[in-house]
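Overview (structure and organization)
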Amino acid sequence: MASVTTGGRTPLIAGNWKMNLNHLQAIAFVQKLAWSLKDARHDFGAVEVAVFPPFTDLRSVQTLVSGDKLQIAYGAQDVSQHASGAFTGEIAAPFLAQLDCAYVIIGHSERRTLHGETDEIVAAKTAAAIGAGVVPLICVGETAEDLETRGASAVPVAQLKVALASIPKGSDFVVAYEPVWAIGSGQAATPEQAQQVAKALRDTIAEHLGDEAAAATRILYGGSVKADNIAGFMRQADVDGALVGGASLDVEGFSAIARYQKHVGV
Ligand code: 13P
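Residues numbered from 1 in each chain as written. Predicted model: local features only at pLDDT ≥ 70, side-chain atom pairs only at ≥ 80, totals over all residues. Heavy atoms only, no water.

Under the criterion given, the structure shown has eleven salt bridges. In this structure, E110 engages K18 in a salt bridge whose closest nitrogen and oxygen atoms are separated by 2.8 Å. Within this pair, whereas E110 is found in helix 4 (residues 109-114), its partner K18 is found in the loop between strand 1 (12-16) and helix 1 (23-39), the two being separated by 92 residues in sequence. With a shortest N-O distance of 3.0 Å, D203 and K199 are connected by a salt bridge. Residue D203 and its partner K199 are both found in helix 8 (residues 191-209); the two are separated by four residues, about one turn of the helix. A network of salt bridges, in which partner residues are shared, links R9, R202, D238 and D240. (Salt bridge = Lys/Arg side-chain N within 4 Å of Asp/Glu carboxyl O. Helix = DSSP H or I, 4+ residues; strand = E, 2+ residues; numbered from the N terminus.)

If you want it as structure tokens, here you go:
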């Protein structure tokens, strides 16, 4: 089935597990997810599916995915800006590359808020990921207060601009627009709101890296995405997928989100 987004970008449905599921639970989950998608004859070439487990799960997920030749991609939820050295507790991007991580989430609002990650740190982590051959999935988004005082796109655009300065032309990267007020609140943005900000983010990429990069880069929406609201987002011209939190922890729910093309017309 053809992609419903424009620009030839392959949609990406990504599950951010946050601090949930240990490595044994991760193995069971990924196995069940693969079965569910296979049963439904999911076309992984048409819609890419990725999971983002905690660091301690990644080796187990790698072993399962490579052993069973699963088409599910995976990545980490954070990365150090440094390649090695005296940084207790940190994980370097080359380590993730060694675990065949395709992606790494950078600058999630929980990292920005709870761990004091600035736009500059996000930019440095983005550069580290790209340098190691891991595709950064850069998160941006406004708080409820930002929305009220500055509108929806001002803060996400400003955040993205700083990260873009660290991205060499021709690099593969993904942007996730996650309004902070929509995360875990059950109150998703409307598809029109998501489209408006995704378009502003794409225009910003065009300004900094050119039209080709803007056309090729996938922009995801995240924040209270569920099986019953995904279709509305995926109908938007500039929304190329979703970064799913809570609903990504339920195998059948996440599988249904990945198979949104089946219900996008309803
Ligand atoms: P929810 O889907 O639980 O709102 O979380 C979104 C999110 O933060 C994904 O990174």
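Among the 13 residues in the neighbourhood of the ligand, the closest are listed as K18, H108, G184, S224 and G246. At 2.7 Å, a side-chain N or O of H108 approaches an oxygen atom of the ligand. At a separation of 2.8 Å, an oxygen atom of the ligand approaches a polar backbone atom of G246. Of the residues that constitute the shell around the ligand, the class distribution is four nonpolar, seven polar and two charged. (Near = heavy atom within 4 Å. Polar contact = N/O pair within 3.5 Å; in protein donor to acceptor, adjacent residues only side chain to side chain. Nonpolar A, V, L, I, M, F, W, Y, C, P; charged D, E, K, R; others polar.)

The next thing to look at is the layout of surface pockets. Within this model, the largest pocket holds a volume of roughly 430 Å³. The wall of the largest pocket is formed by 19 residues, among which F55, Q77, D78, R111 and H115 lie closest to the centre. Considering each element in turn, the lining of the largest pocket owes the most residues, three residues, to helix 4. Of the residues that constitute the lining of the largest pocket, the class distribution is eight nonpolar, six polar and five charged. (1 Å grid on protein atoms, 1.4 Å probe; cavity = no way out; pocket = protein on both sides within 12 Å on 5 of 7 lines; lining within 4 Å. Points joined across faces, edges and corners; volume = space filled by probe spheres on them.)

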